[in-house]
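# Coordinate inspection notes
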Amino acid sequence: LLEDTAAAAESYIAGLNERTIAVERGARDRFIKSTKRYCSVARIALSFYSFVTYIALGSIMAGQRHDRDWLKAVERSRMTLSTFDAFVSTNLDRSLKALQSYLRGKVIKQLLEDGGTRTE
């Protein structure tokens, strides 16, 4: 999960760098508009990837106790990451719906409410 998240985040950061260079070199208005949209999506994606990293690290820390909630959270995170990445460029609504469903999930909500204190 950590490797998948790192690769996805790296891809967004590279895309942001490429678009920034193009805008600085005098890109057309249409490209600038699409870059603004890309930046908005990248912000959501990078926030999601940060949270998935938190889940993965929490799972590693809780692994010695075989905490089922953390294991479920990792499984849900992996599935959502896959769906989000697969559709983010072709069907943004589907990606955002997967992300919204993920955050509403029982296990994820519980871990958010606990603030990760169960890793101690």
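Let us look at the structure shown here.

Reading the values: the criteria
- Residues numbered from 1 in each chain as written.
- Predicted model: local features only at pLDDT ≥ 70, side-chain atom pairs only at ≥ 80, totals over all residues.
- Heavy atoms only, no water.
- Helix = DSSP H or I, 4+ residues; strand = E, 2+ residues; numbered from the N terminus.
- Buried < 20%, exposed > 50% of the residue type's maximum accessible area, 1.4 Å probe, protein only.
- Contact = heavy atoms within 4.5 Å.
- Lys, Arg positive; Asp, Glu negative; His and termini not counted.
- Charge placed at Lys NZ, Arg CZ, Asp CG, Glu CD.
- Salt bridge = Lys/Arg side-chain N within 4 Å of Asp/Glu carboxyl O.
- Expected span 1.5 Å × (residues − 1).
- Axes fitted to C-alpha atoms, helices over the stretch in contact; angles between N-to-C directions.
- Parallel < 35°, antiparallel > 145°, perpendicular 65-115°, else oblique.
- Left-handed = near helix turned anticlockwise from the far one by under 90°.
- Nonpolar A, V, L, I, M, F, W, Y, C, P; charged D, E, K, R; others polar.

## Thoughts on the overall build of the protein
Assigned secondary structure in the protein consists of five helices and zero strands. Along the protein, helices and strands appear, N-terminal first, in the series α-α-α-α-α. Dimensions of the protein, computed from the C-alpha atoms along their principal axes, are close to 55 × 25 × 20 Å. Sorting the 120 residues of the protein into buried and exposed places 33% on the buried side. The contacts of the protein with a sequence gap of at least 6 include a subset with a gap of at least 24, amounting to 68%. With 19 positive and 14 negative side-chain charges, the protein shows a spacing of 8 Å between the two charge centroids.

## Some points on the pattern of salt bridges
Close approach of charged atoms allows side chains with opposite charge to pair. A full pass over the atoms with the stated rule returns one salt bridge. A salt bridge links Arg78 to Asp4; its shortest N-O distance comes to 3.2 Å. Here Asp4 lies in helix 1 (residues 2-24) and Arg78 lies in helix 3 (residues 68-87), a separation of 74 residues in the sequence. Residue classification places Asp4 among the partly exposed residues on the basis of a relative accessible area of 39%.

## Thoughts on helix 1
Here helix 1 is 23 residues long and its end C-alpha atoms lie 33 Å apart, about the 33 Å a rise of 1.5 Å per residue gives. Every buried residue belonging to helix 1 is among Thr5, Ala8, Ala9, Tyr12 and Gly15, and all of these are buried. In this structure, the buried residues of helix 1 make contact with helix 2 (29-62) and helix 3. Downstream of helix 1 by one or two residues, Gly26 has phi in the positive range, about 95 degrees.

## A word on the packing of helix 3 against helix 5 (residues 106-114)
In a packed pair of helices, the relevant descriptors are the angle between the two axes and the axis-to-axis distance. With their axes 9 Å apart at the nearest point, helix 3 and helix 5 run at an angle of 120 degrees to one another. Looking at the two axes, helix 3 sits oblique to helix 5. Helix-helix and strand crossings are classified by hand; for helix 3 and helix 5 the assignment is left-handed. Where helix 3 approaches helix 5, its residues Asp69, Trp70, Lys72 and Ala73 are matched on the opposing element by Val107, Ile108, Gln110 and Leu111. In terms of residue class, the contact of helix 3 with helix 5 is built from five nonpolar, one polar and two charged.

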